[in-house]
Amino acid sequence: MNNISKSMLETAVDLASRGFYVIPIASNGKKPCISFADKPALDERAIREHWSRHPSDMVALRTVNHFVIDIDRHGTTNGFDSLDKFPPELLANTYAETTPANGLHIYYKKPDNFDLRPLQMINLFAGIDIKAHPNSYTIVAPSRSSKGIYKALNSNLDEMKVAPWPLVDFLQTSHDKQTQRANKPAAGCASPQNCAIT
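A quick note: this is a predicted structure, and the numbers were derived from the prediction, not measured.

Sorry if this is basic, but what is going on with the nonpolar core here?
As a rule of thumb, nonpolar side chains are buried together in soluble globular proteins. Core analysis: the largest hydrophobic core is formed by 25 residues, its most contacted members being L15, V22, V59 and L157. Among the secondary structure elements, those contributing two or more residues to this core are α1 (8–17), β1 (22–25), α2 (44–53), β2 (58–62) and β10 (137–139). In this structure V59 touches M8, T11, A12, L15, V22, I23, W51, T138, I139, V140 and S143, once residues within four positions along its chain are discounted. Counting residues in hydrophobic clusters, the runner-up holds 24 residues, among them I128, A163, V168 and F170.

Below, the structure written as structure tokens:
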């Protein structure tokens, strides 16, 4: 049975058995079907009960023990252009998926003592988010939304590699520089708060 032909129930049970925190997502959007923040992972019984009633619901994974580099295309913003900011040697060969909107999710296991701050970096670069908070999530293959199918570029999530520390350091440094630029007063202003935009 190949990845695309697996049912959502089979996918959810399989991923949960491998230690992932599974979340059901409504097939007509990206809204979770359950309250999950700061709660224990669904067990197999709960997973079977849910997907038996809602077999087309998508499967998402909370980013508890892994994180995702989320690359999107929105209007004129193309996150793939921003990938040029990443030193190529930092992007280790790891598990990745394409999204229905022609985006890309790159998955990494969190290394021991993972200390990225903040754990959620929205628009770290144009079109690129970092999702690492335990209450964040991404939809996974072979889920099908109204826009299309999430497709694995590798055989399965076992291909996920531990993030190299230089990559984590790069993400942190990039965020810190972005924050410093945002907080830097314009010329002639004592502080950003004193610089009114007219």
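And the narrative resumes.
Looking at this structure, I do not really get the pairing of strand β7 (residues 104–109). What am I missing?
Sheet faces and side chains relate simply in a regular strand, where the side chains alternate between the two faces. Taken across its six residues, β7 has five buried, putting it largely inside the fold. Taken together, the three bridges between strand β6 (residues 96–98) and β7 define a ladder with antiparallel strand orientation. The residue of β7 that forms the bridge with E97 is H105. The hairpin formed by β6 and β7 contains five residues between the paired strands, and N102 there has a positive phi angle of roughly 65°. Across two bridges, the pairing between β7 and strand β14 (residues 161–162) is parallel.

Cut-offs used in this document
- Residues numbered from 1 in each chain as written.
- Predicted model: local features only at pLDDT ≥ 70, side-chain atom pairs only at ≥ 80, totals over all residues.
- Heavy atoms only, no water.
- Core = buried A, V, L, I, M, F, W, Y, C linked by side-chain atoms within 4.5 Å.
- Buried < 20%, exposed > 50% of the residue type's maximum accessible area, 1.4 Å probe, protein only.
- Helix = DSSP H or I, 4+ residues; strand = E, 2+ residues; numbered from the N terminus.
- Contact = heavy atoms within 4.5 Å.
- Pairing = 2+ DSSP bridges.

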